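Residue-level structural notes
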Amino acid sequence: MRVLLLNAAFNRYGGVQGHGGAQIPLNLCYLAAYVRRQRPGVEVRILDAEAEGLRHEQTVERAAGFAPDLVGITANTCVFDSVIDLTALLKRRMPSAKVVLGGSHPTALPERTLAECQADFLVLGEGEITLNELAGRLAEGPNGWGDIAGLAFRDAEGKAVVNAPRPLIEDLDSLPMPARDLVDNSLYYPPPTKNVSSGRSTLISTSRGCPFHCGFCSANTVWMSRRIRSRSAGNLVEEMAECVGRYGIASFNFADEFFTADKARVLAICELIRQRGLEVTWVCSARAQKLDRQTLQAMKAAGCRELSFGIESGSPEILQRMDKRIDLEEAKSVISAANALGIRTHAGFIIGYPGETAETVRQTVRVAKWLDVDIAAFWIASPLPGSRLWEEANANGWIRPGARWSDFSPLSNNRSVLTIPTLSIDRIRQLHRRALRSFYFRPRYILRKLLSIRHGYQIANLFKGLLILMRIRK
Ligand code: SF4
């Protein structure tokens, strides 16, 4: 049996090129590693059409050359239009191959996904065990699918069937290391906003899940839980050592929703990195709360070069509507401490959330400058399926008629999706572009950036960042 896991091309079909870098499809590497371990007789390959810059027709030809029995495609909302088209082409070229989709979009909207796409199956939520069971069932011959937890499919009448949810994997250390040997690691690079070295870089996952419940975020739906499950420090650092020794990768972008949730674990990871003498650099996400100087120092000593905070808004009312639960004064003090230690700081902000006005956007830009972060990422509010904002937008008729899934990208030149009563889509776009210009084109900021250059990659970051700003149309 042959299983092909596919990352569909996205930038070619929408999105602002380069703003997300070219990231390894880590979820596919996990799936491949798990199926390969559980079923040694199954041949598994990964085709990253996005990183290779393939057109759908080229992707289909490459896939057909492998003659897979099962094709698995990862689908978030912004890439879903592309996945619909690619699936149709795959089904036409290889009618006997089954197609299964996984990822945030099918997990949030299983019935609608099956109605809009020709895929045979959906894997909902955490995919490793479900995909493995599906591959086993297909290898054994056609049987029913109703007892595979976490699977959705169409019955004989074409009606969508969504099985019981798959229980979460409690011990993440029990998973094999992601199969980086199945991708070309030289193709991947982080966005300039997350690049902290001139060498190769990769995504790495240290935990799954988030206990918070921010209105715009679909993490709780994707993980089907508000619980954080974490890998042990030993298991994580083993993977980092494998990346250094086997793939020559010494820079990491921690893909976790909330890396700094558990101080003791963070300190244990930092200590182990130091004990093993790993010369690595890394970037992680953090809540700007309860992050003390001792932890920041340990992180810096273990290679942390950038902290990424979700601040989201400068308006207390908007923060409350988002249920963001952040104290801006506390955020300021954590960011100042990180800046003082020489850890680059990055903050994300959302423009156009329900309740937004021109004044609240101005407040957000003022707060971004006041926080004194090195990088401010401004996104346009997008009602991602699986989030409370999606529910609210649908209940109030705030989804722009005719919006395509690729329009849900929070940074794109497409027309955005969320129509709120207080600001028009055009006005939000104008305020978003103005926020970017106001933050980045300050003479003092530019001078500070130029004076802080110590390494070649920082010059590359500046040029790439400028290029992305230029690609964002007015
Ligand atoms: S935005 Fe971040 S903190 Fe909020 S729910 Fe999502 S992952 Fe958690």
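See the structure printed just above.
Residues numbered from 1 in each chain as written. Predicted model: local features only at pLDDT ≥ 70, side-chain atom pairs only at ≥ 80, totals over all residues. Heavy atoms only, no water.

Digging into the overall build of the protein
Going by this rule: Helix numbers and strand numbers start at the N terminus; a helix is a DSSP run of H or I with at least 4 residues, a strand a run of E with at least 2. What the globule rule says is 2.2 Å times the number of residues to the power 0.38, and the radius of gyration is computed from C-alpha atoms. The rule is simple: take the accessible area with a 1.4 Å probe, protein chains only, and divide by the maximum for that residue type; under 20% is buried, over 50% is exposed, in between is partly exposed. Surface accessibility in these figures is a Shrake-Rupley result with a 1.4 Å probe; residues are shielded only by whichever protein chains are displayed. Positive charges are assigned to Lys and Arg, negative charges to Asp and Glu, while His and the chain termini are left out of the count. Lysine's charge is taken at NZ, arginine's at CZ, aspartate's at CG and glutamate's at CD.
In terms of helices and strands, the protein carries 18 helices and 15 strands. Relative to the compact-globule value of 23 Å for 474 residues, the protein shows a C-alpha radius of gyration of 22 Å, a close match. Expressed as lengths along the three principal axes of its C-alpha atoms, the size of the protein is roughly 65 × 55 × 35 Å. Across the 474 residues in the protein, those meeting the buried criterion constitute 56%. Carbon and sulfur atoms form 52% of the exposed surface of the protein, whose accessible area is close to 19,500 Å². Of the charged side chains in the protein, 61 are positive and 48 negative, and the gap between their average positions amounts to 7 Å.

A word on the packing of helix α10 (residues 263–275) against helix α11 (residues 293–301)
What counts is decided by this rule: What counts as an axis is a line fitted to C-alpha atoms, over the stretch in contact for a helix, and the angles between N-to-C directions run from 0 to 180 degrees. In this scheme, roughly parallel covers angles under 35 degrees and roughly antiparallel covers those over 145, while 65 to 115 is roughly perpendicular and the rest are oblique. By definition, any crossing whose near helix is turned counterclockwise from its far helix by less than a right angle is left-handed, and any crossing with a clockwise turn is right-handed. Residue contacts are counted whenever heavy atoms from the two residues lie within 4.5 Å of one another. Basically, the charged four are Asp, Glu, Lys and Arg, the nonpolar ten are Ala, Val, Leu, Ile, Met, Phe, Trp, Tyr, Cys and Pro, and anything else, Gly included, counts as polar.
Running from N to C, α10 and α11 point in directions that differ by 30°, and their axes come no closer than 9 Å. Accordingly, the angle class assigned to the pair α10 and α11 is roughly parallel. The handedness of the crossing between α10 and α11 is left-handed. The segment α10 lies against α11, with Lys263, Val266, Leu267, Cys270 and Arg274 engaging Gln294, Thr295, Ala298, Met299 and Ala301. A per-class count over the contact of α10 with α11 returns 6 nonpolar, 2 polar and 2 charged.

Section: the nonpolar core
Nonpolar side chains tend to gather and get buried jointly when the protein is soluble and globular. Put simply, the rule reads: The term nonpolar core refers to a set of buried residues drawn from Ala, Val, Leu, Ile, Met, Phe, Trp, Tyr and Cys, joined through side-chain atoms within 4.5 Å.
By size, the foremost hydrophobic cluster in this structure holds 78 residues, and its most contacted members are Met240, Trp282, Leu307, Ile311 and Phe378. Residues contacting Phe378, with those up to four places away along its chain left out, are Phe349, Ile351, Thr364, Val365, Ala368, Leu411, His432, Ala435, Leu436 and Phe439. Judged by nonpolar contacts, the second largest core, of 36 residues, contains Ala9, Phe66, Val99 and Leu122.

Concerning the site of the ligand
Basically, it comes down to this: Throughout, the term near means that a residue has one or more heavy atoms lying within 4 Å of the molecule or strand in question.
Close contacts around the ligand come from Cys210, Phe212, His213, Cys214, Phe216, Cys217, Glu257, Arg287 and Lys324, and that covers them all. A breakdown of the residues in the shell around the ligand according to their chemical character gives 5 nonpolar, 1 polar and 3 charged.

As for a nonpolar patch on the surface
Just so we agree on the cut-off: Patch membership requires more than 30% relative accessible area and the absence of a salt bridge. Residues of like charge join within 9 Å; the nonpolar side chains Val, Leu, Ile, Met, Phe, Trp and Tyr join within 5 Å. Just to be clear on terms, a salt bridge is a Lys or Arg side-chain nitrogen sitting within 4 Å of an Asp or Glu carboxyl oxygen.
Nonpolar side chains collect at one region of the surface, where Phe441, Ile446, Leu450, Ile459, Leu462, Phe463, Leu466, Leu467 and Met470 lie side by side and expose about 860 Å² of accessible area between them. Mapped by element, the contributors of at least two residues to the nonpolar patch are α17 (443–451) and α18 (456–471). When residues in the nonpolar patch are grouped by element, the largest group, 6 residues, is from α18. With respect to the helices and strands, the residue Leu466 is situated in helix α18. Overall, Leu466 belongs to the partly exposed group, its relative accessible area being 40%.

A few points about the packing of α11 against helix α13 (residues 328–341)
Where α11 meets α13, the axes come as close as 10 Å, and the angle between the chain directions of the two elements is 35°. The handedness of the crossing between α11 and α13 comes out as right-handed. Across from Arg293, Leu296, Gln297 and Lys300 in α11, the residues of α13 making contact are Val334, Ala337, Ala338 and Leu341.

Examining the side chain of Thr202
Residue placement: Thr202 occurs in strand β8 (residues 200–204). According to the relative accessible area criterion, Thr202 is buried, its value standing at 4%.

Looking at the environment of Phe80
With respect to the helices and strands, Phe80 occurs in helix α4 (residues 80–93). Since its relative accessible area comes to 0%, Phe80 is described here as buried. When the C-alpha positions of Phe80 and Val334 are compared, they lie 37 Å apart, and in sequence the two are 254 residues distant. Residue contacts for Phe80: discarding those within four places in its chain leaves Ala75, Leu101, His105, Thr113, Glu116, Cys117 and Trp405.

Description of the pattern of salt bridges
According to the stated counting rule, one finds 32 salt bridges in the structure shown. Residue Arg208 is joined to Glu126 by a salt bridge in which the shortest nitrogen-to-oxygen separation is 2.6 Å. Linking Arg208 in strand β9 (residues 207–208) with Glu126 in the loop between β5 (121–123) and α7 (128–140), this pair joins segments that are 82 residues apart in sequence. Considered together, Arg208 and Glu126 belong to a single accessibility category, that of buried residues. Among the charged side chains, a salt-bridge network with shared partners connects Glu126, Glu128, Arg208 and Arg229.

Digging into the packing of aromatic side chains
In plain terms, the rule: Ring pairs are drawn from Phe, Tyr and Trp, using the six-membered ring of Trp, whenever the two centres fall within 6.5 Å, and their geometry is named by plane angle: stacked under 30 degrees, edge-to-face over 60, tilted for the rest. Charges are assigned to positions over rings by a cutoff of 6 Å between ring centre and Lys NZ or Arg CZ, combined with an angular limit of 35 degrees from the ring normal.
A complete count under the given rule lists 15 aromatic pairs for this structure. Taking 4.8 Å as the distance between ring centres and 55° as the angle between the ring planes, the aromatic pair formed by Phe254 and Phe259 counts as tilted. By the burial criterion, Phe254 is buried, and Phe259 matches it. Feature note: the residues Phe349, Phe378, Phe439, Tyr440 and Tyr445 constitute an aromatic cluster, connected by ring pairs. Positioned above the aromatic ring of Phe66, the side-chain terminus of Arg2 is 5.9 Å from the ring centre. Between Arg208 and the ring centre of Tyr30, over which it is positioned, the NZ or CZ distance is 5.1 Å.

Observations regarding the pairing of strand β6 (residues 151–154)
The side chains of a regular strand alternate between the sheet's two faces. The test is simple: By the convention used here, strands pair only if DSSP detects at least 2 bridges between them.
The pairing of β5 with β6 spans 3 bridges and is classified as antiparallel. Residue Phe121 lies in a different strand from β6, and its bridge partner there is Phe153. Counting the residues in the hairpin turn of β6 and strand β7 (residues 160–162) gives 5 residues, including Gly158, whose phi is positive at 85°.

Some points on the sheet that holds strand β12 (residues 281–286)
Spatially, β8-β11-β12-β13-β14-β15 is the arrangement adopted by the 6 strands of the open sheet, whose pairing is parallel. The sheet terminates laterally at β8 and β15 (375–380), the two strands that pair on one side only. Adjacent strand axes in the sheet meet at a mean angle of 20° when their direction is disregarded. When strand β13 (residues 304–312) meets strand β14 (residues 344–351), the two strands line up parallel, connected through 6 bridges. For Gly310, the partnering residue across the bridge sits in β14 and is Gly348. Against the sheet, α11 touches β12 and β13, its axis set at about 130° to β13.

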